Amino acid sequence: MKNTRYFTLNFPGFTTSASANQSYIRLVDGDHVFYTDMSYFQKPELFKCIKLNQPLHIGARRLPDGSFWIHWLSDGKVLLEPARPTLKGKLLMFFIGILASIAAAYPTYFYFTTAWAVITFSIIAALALGVALMGLCSLVLRFAQTAHPEMRELLVKMEQARRKDFSFCQPVPLPSGRNTPPFSEDPALPERFVVEDGEIKNLYFKKWSTGSGKTHRDYHGIQFQCNVMLLSFSWQISGTRWGLHPLFYRRHPPFLAKGDRITAVYRRDNGNVQAIYNSSDGSAYLKTHPLYPGEQQMSLIYKLFYSFVLLAFLFILGLELNDMLATGWDGWKLVADSINMLALLLVCVGSIIIVLELCCLAIRQLSRRVGDWLILQRIAKRYITRAGANITLQELM
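Overview of the structure. (Residues numbered from 1 in each chain as written. Predicted model: local features only at pLDDT ≥ 70, side-chain atom pairs only at ≥ 80, totals over all residues. Heavy atoms only, no water.)

Re the overall build of the protein
Right, so step 1: Summing up its helical and strand segments, the protein has six helices and 15 strands in all.
Right, so step 2: Expressed as a percentage of the 397 residues in the protein, the buried residues total 41%.
Right, so step 3: Here the protein displays about 22000 Å² of accessible surface, and carbon together with sulfur accounts for 63% of that area. (Helix = DSSP H or I, 4+ residues; strand = E, 2+ residues; numbered from the N terminus. Buried < 20%, exposed > 50% of the residue type's maximum accessible area, 1.4 Å probe, protein only. Areas by Shrake-Rupley, 256 points an atom, 1.4 Å probe, with all protein chains shown as cover.)

Some thoughts on the nonpolar core
Right, so step 1: Counting residues in hydrophobic clusters, the biggest one holds 27 residues, and the most contacted among them are F224, F233, I262, V273 and I276.
Right, so step 2: Listed by contribution, the elements that provide at least two residues to this core are β4 (32-37), β9 (193-210), β10 (217-226), β11 (229-236), β12 (261-267) and β13 (273-278). (Core = buried A, V, L, I, M, F, W, Y, C linked by side-chain atoms within 4.5 Å.)

Notes on the sheet that holds β11
Within a beta sheet, neighbouring strands are joined by backbone hydrogen bonds and run either parallel or antiparallel to one another.
Right, so step 1: The mixed open sheet is built from seven strands, whose spatial order is β11-β10-β9-β12-β13-β14-β15. Because the sheet does not close on itself, it has two edges, and the strands there are β11 and β15 (393-396). Averaged over all pairs of adjacent strands, the angle between strand axes in this sheet comes to 30°, irrespective of strand direction.
Right, so step 2: Pairing analysis gives four bridges linking strand β14 (residues 283-287) to β15, with the strands arranged parallel. Its bridge partner lying in β15, Y285 is registered against Q394. (Pairing = 2+ DSSP bridges. Axes fitted to C-alpha atoms, helices over the stretch in contact; angles between N-to-C directions.)

Notes on a nonpolar patch on the surface
Right, so step 1: Together, M93, V131 and M134 make up a nonpolar patch on the protein surface, roughly 250 Å² of accessible area in all.
Right, so step 2: Following the sequence through the fold, M93 ends up in helix α1 (residues 88-110). (Patch = residues over 30% accessible without salt bridge, like charges linked within 9 Å, V, L, I, M, F, W, Y side chains within 5 Å. Salt bridge = Lys/Arg side-chain N within 4 Å of Asp/Glu carboxyl O.)

A short note on the packing of aromatic side chains
Right, so step 1: Counted according to the given criterion, the structure contains 16 aromatic pairs.
Right, so step 2: A ring pair is formed by Y24 and F255, whose centres lie 5.1 Å apart and whose planes are at 70°; its orientation type is edge-to-face. Highlighted residues: Y24 in strand β3 (residues 24-29) and F255 in the loop between β11 and β12, separated in sequence by 231 residues.
Right, so step 3: Note on Y24: relative accessible area 6%, which makes it buried.
Right, so step 4: Arranged with centres 6.3 Å apart and planes meeting at 70°, the rings of W72 and F168 form a pair that is edge-to-face. You can see W72 sitting in strand β6 (residues 68-74) and its partner F168 sitting in the loop between α3 (149-162) and β8 (170-171), a full 96 residues away along the chain. (Phe/Tyr/Trp six-rings, centres within 6.5 Å; stacked < 30°, edge-to-face > 60°.)

What follows is the structure in structure tokens.
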């Protein structure tokens, strides 16, 4: 199913989230919710030129969570197009790293005999090779952005919009209706959690980090007032989840703004929000438990394990084919060896997954806090289903 969408709507204005650079914005029209970050555009200052209650044409990509990410937009006069990162810095990093690595490795291999010289220049060669690999990864990511079928289609349609041709844009469908049901319909909420319904006021953004090296973690958080309660909501941003180009997003980053109507479930002892439903845009977020992986985390673990099985199988199969080219072709032996290799890999990985599932089962049975979190997870799913939200529940660490 094609994920690119093109809409024409009456511009109602953007809402700005509490974020690091105040550049993360949202547009809501009916049941359709659009997000984007102004820092990804060539000229973000042109956002101020878009006038309210005027036709606005949008080129967006539908994310798997049900929301839309804007890649370009035009009001017929101003065209806001995505920034295209230059290749100069990436190519420079790659070639300098390769040349430095060769310059350090060549004398190490052919001339140096003393241990200290070999170790020193080997370390220099390894560091230079790391710089080259970083440049190569940046080049691959840049190529993936330009070669991605959806990005190419978005750019083709953007060129049509540049010529003032918006015939491909469709009006936003009429809303089907979204509501905010009372949370009191779920009386089984554990006692350590409290529910608060209201409007976000006095919003403050904060960011911090913990640990160092492999244990380093970056966090973003929001402190806000809901009715008379002072609450806080935070999430981890470390890793590749939010570091990639928005073209590769599967879910939009958390969005909360002043004036949003929310239903929040927070811990009674410290006011930390564990689950939140934003009725202003239909988004819902659930904090995962540090001792128990959520459904989205387990799905990622399964994908990683079986991706490893596939890569390992293809690698070993390539070695088998290379051996047969040297010793002679035997199709039945190749099939038998392939089945045995695949079965062995599946048994090994399956055993690890079984152990992991048994550990999760033990934690679920022995930890009362994990049990409370599982109850909260079920209640949150039922609640957003009753609310008619178009955006799936997002689990955050």
